[in-house]
Amino acid sequence: MGESGTPRAADGATTLTQSAVAGDRRALARLLTAVENRTSIAEAALRELYPKAGRAHIVGITGPPGSGKSTLVAALIAAAREAGRAVAVVAVDPSSPITGGALLGDRVRMQSYADDRDVFIRSMASRGHAGGLASTTTAAAAVLDASGFDLVLIETVGTGQSEVEVAAAADTTVVLEAPEMGDEVQAIKAGLLEVADLVVVNKGDKPGALRTAAQLRAMLVPTVARGDAPEGRPSPKRPEVLVTTATSGEGVPELLAALDRHRVAARAGEATEPRRARALAQIRAVMADRLADRLREPALTSVADAVIDDVAEHRLDPYTAADRLLEAIGRVEA
Amino acid sequence: MGPSAPYNPGMPDRPIKVLIAKPGLDGHDRGAKVLARGLRDEGFEVVYTGLRQTPEMVATAALQEDVDVVGLSILSGAHMTLVPRITKLLKDNGLDDVLVTVGGIIPDDDVGPLKDAGVAAVFGPGTTIASVAEFLRANARPRD
């Protein structure tokens, strides 16, 4: 990333972004690789592309492993194509914490679009990032957005209760539940369900699906009426609960319609706050990367190494260490 | 790269990305799955596409995923039809820098023609995962 300001990186980025935006799928794929690998051209490309992004509807799909996320994404692709929309998918699967390898298997369920250039599917390994996404997933979605796709679906790794990061990456967050996965107490726990704009009980053909949906509807009612929340306190979302059978497509057109309704409502007003929260999350992520990059500069590594040793040996506490490093970063010109 | 990068000593900073695909109609995917899993354990990022891929599906997946390697598993005997079509489609899509390997039941006499069609290596029964991994590390073209 350190060379992102050099003219060569900027030139390479311009060529690649122009081709990608003009519809060259090979250039788009290579640009996504650059973003994923955080090569020198990625940052320059993202600077160019960001003003072009913001048109697509970015939808996050999350839920436990095996709840049917990939199958539902495939069904959503079909429904969106029927409506004439260009669809891109970023599907994240976990990287091994042991070897760094990954098995990216989400394409298995999304195969039938080889000849359709308005469908673009990209798998991504999480590469050690916790939270359900890779650290570069938001940037990848922005590239696809700027490249003209109407709908960008982000499929997270299989999540449990607290991987809520996707909500900061998406306009609309869909949380999938499978039938009979938990009782009403599971539904009132804090975490994943709180960030849902839509809750989908998938595998609607299985016994218990309707009961699970009814329980979720009963438990997800807000305790404070909309608008009555005390000033400054965030009011809870009230997600719609839908039932789908992704394998047959049942309920999927209704889901697409619900996604559209949510987007229109979110754009209509009240909701500048979520967009600001997402902007802040993106800025913070870049600031964290910038800090990490700066700490690897030769002028700073000696300071950093000494401070790390001191903390490791308990001669220094991490708070004082962080203050010292921030001070050193401020002293040394980038 | 990220601060968490160097946990994988056998790999460059960016893992090599491999597409494992089963073109054609045979349903024997155990080998492809074992290899996909084995390469995962060797630190590769493996995109697994599953059974019954058309050459067009393989080429599209390779393009969209921007993989370094395409590994084809074929046990049906249709390799002389499928493989050249896939390598041609890859070339047509500007993917001639992608390493193509074939695994499965391939008669010795077919290995030469497959290599002429652009295949870098043919792995028959008994090939170890470690030797496949070694070949890919040595031959996948390093890309920007």
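All chains use their own residue numbering, which begins from 1 and follows the written sequence. Note on labels: chains are lettered from A, ligands numbered from 1, in written order. Local features in a predicted model are, by the rule used here, given only for residues with pLDDT of at least 70; side-chain atom pairs are given and counted only at 80 or more, and totals for whole chains, interfaces and linings are based on all residues.

Enquirer: What is the right way to read the sheet that holds strand 8 (residues 240-243) of chain A from this model?
Expert: One key point about sheets: their strands pair by backbone hydrogen bonds, in either a parallel or an antiparallel sense. Residues and elements named next belong to chain A. Pairing between two strands is assigned when DSSP locates at least 2 bridges connecting them. Note on conventions: DSSP H or I runs of at least 4 residues are helices, E runs of at least 2 residues are strands, and numbering of each starts at the N terminus. The parallel open sheet is built from seven strands, whose spatial order is 4-2-5-1-6-7-8. Every other strand in the sheet has two partners, leaving strand 4 (119-125) and strand 8 as the edge strands with one partner each. Within the sheet, the average angular offset between the axes of one strand and its neighbour, ignoring direction, is 20°. Pairing of strand 2 (residues 87-93) with strand 5 (residues 151-155), which is carried by five bridges, proceeds in the parallel orientation. Looking across to strand 5, one finds that Ala-91 is bridged to Glu-155. Placing a C-beta atom from the backbone of each residue, one calls two residues in contact when those atoms lie within 7 Å. The axes used here are C-alpha line fits, helices contributing only the stretch in contact, and every angle between their N-to-C directions lies in the interval 0 to 180 degrees. Most of the contacts of helix 9 (residues 252-268) go to strand 8, to which it runs at about 165°, and overall it touches strand 1 (57-62), strand 6 (172-177), strand 7 (198-201) and strand 8.

Enquirer: Is there a simple way to think about unusual backbone geometry in this case?
Expert: Negative phi characterises most residues that are not glycine, and trans characterises most peptide bonds. All names here are of chain A. Unusually for a residue other than glycine, Arg-127 sits at a positive phi of about 50°. Mapped onto the elements of the fold, Arg-127 is located in the loop between strand 4 and helix 5 (137-146). Positive phi is not limited to glycine here, since Lys-203 has a value of about 60°. Judged by the 25 C-beta atoms lying within 10 Å of it, Lys-203 falls in the buried class. Any residue with 12 or fewer other C-beta atoms within 10 Å of its own C-beta is exposed, any with 20 or more is buried, and the rest are partly exposed; the C-beta atoms used are placed from the backbone.

Enquirer: Help me understand helix 1 (residues 30-41) of chain B, please; the structure alone is not making it clear to me.
Expert: Given 3.6 residues per helical turn, the α-helix brings residues three or four places apart onto the same face. Residue and element names in this part refer to chain B. The terminal C-alpha atoms of helix 1, which comprises twelve residues, lie 16 Å apart, in line with the 16 Å expected from a rise of 1.5 Å per residue. Every buried residue of helix 1 is accounted for by Ala-32, Leu-35, Ala-36, Leu-39 and Arg-40. End-on view of helix 1: buried residues confined to an arc of 140°, all on one side of the axis. In this structure, helix 1 carries Arg-30 and Val-34 as exposed residues pointing more than 90 degrees from its buried face. To estimate how far a helix should extend, the number of its residues minus one is multiplied by 1.5 Å. Within this analysis, the arc is defined by the directions that extend from the helix axis to the C-beta atoms.

Enquirer: Can you walk me through the environment of Ser-40 of chain A in this structure?
Expert: The residue Ser-40 of chain A is located in helix 3 (residues 40-49) in this model. Residues Ser-40 of chain A and Gly-12 of chain A, spaced 28 residues apart in sequence, show a C-alpha to C-alpha distance of 9.5 Å.

Enquirer: Explain helix 9 of chain A to me, please; I cannot follow it from the model alone.
Expert: Residues and elements named next belong to chain A. Look at helix 9: 24 Å from first C-alpha to last across 17 residues, which is about the 24 Å you get at 1.5 Å a residue. Among the residues of helix 9, those classed as buried are Val-252, Leu-255, Leu-256, Ala-258, Leu-259 and His-262. The arc that holds the buried residues of helix 9, viewed along the axis, is 160°, so those residues lie on one side. Exposed residues on helix 9 whose side chains face more than 90 degrees from its buried face are Val-264 and Ala-268. Each element contacted by the buried residues of helix 9 is listed here: strand 1, helix 4 (69-82), strand 6, strand 7 and strand 8.

Enquirer: Please clarify how the packing of helix 3 (residues 79-92) of chain B against helix 4 (residues 108-116) of chain B should be interpreted in this entry.
Expert: When two helices pack together, you describe them by how their axes are tilted relative to each other and by the distance separating the axes. Residue and element names in this part refer to chain B. In contact at an axis separation of 10 Å, helix 3 and helix 4 are set at 15° when each is read in the N-to-C sense. Judged by the inter-axis angle, helix 3 sits roughly parallel to helix 4. Here helix 3 and helix 4 pass one another in a crossing that is right-handed. On the side of helix 3, the interface is formed by His-79, Met-80 and Val-83, while helix 4 contributes Asp-110, Pro-113 and Leu-114. Under the grouping applied here, Gly and all other residues not named as nonpolar or charged are polar, the nonpolar ones being Ala, Val, Leu, Ile, Met, Phe, Trp, Tyr, Cys and Pro and the charged ones Asp, Glu, Lys and Arg. Here the residues of the contact of helix 3 with helix 4 are counted per class, giving four nonpolar, one polar and one charged. Any angle that falls under 35 degrees is termed roughly parallel, while one over 145 is termed roughly antiparallel, one within 65 to 115 roughly perpendicular, and all others oblique. Working rule for handedness: look at the near helix, and if it is turned counterclockwise from the far one by less than a right angle, call the crossing left-handed; if clockwise, right-handed.

Enquirer: I'm lost on the nonpolar core in this one. Help?
Expert: Nonpolar side chains in soluble globular proteins generally cluster together in the buried interior. The term nonpolar core refers to a set of buried Ala, Val, Leu, Ile, Met, Phe, Trp, Tyr and Cys residues connected through C-beta atoms within 7 Å. Ranked by size, the top nonpolar core spans 128 residues in total, and within it Leu-76 of chain A together with Val-46 and Val-70 of chain B carry the most contacts. The leading source of residues in this core is helix 4 of chain A, at eight residues. Throughout, the edges of the domains are those of an automatic or database domain assignment. Lining this core are residues from two domains, each supplying at least three of them: domain 1 (1-51) and domain 2 (53-270) of chain A. Leaving out residues up to four positions away in the same chain, Val-70 of chain B has contacts with Leu-19, Ala-21, Val-58, Ala-62, Leu-90, Val-98 and Val-100 of chain B.

Enquirer: Where do I start with the domain arrangement of chain A in this structure?
Expert: Interface extent is often summarised as the accessible area lost during association of the parts. Per the domain assignment, the segments making up chain A are domain 1 (1-51), domain 2 (53-270) and domain 3 (283-331). The C-alpha-based centres of domain 1 of chain A and domain 3 of chain A are spaced at 29 Å.

Enquirer: Would you explain the interface of chain B and chain A in this entry?
Expert: Taken together, the contacts link 35 residues of chain B with 31 residues of chain A. Per-element tally for the side of chain B that touches chain A: the top contributor is helix 2 (residues 55-65) of chain B, with seven residues. Looking at the side of chain B that touches chain A residue by residue, the class counts come to 14 nonpolar, eleven polar and ten charged. Pairing of strand 3 (residues 102-104) of chain A with strand 2 (residues 45-48) of chain B, which is carried by three bridges, proceeds in the parallel orientation. The residue bridging Leu-104 of chain A from the neighbouring strand is Val-47 of chain B, located in strand 2 of chain B.

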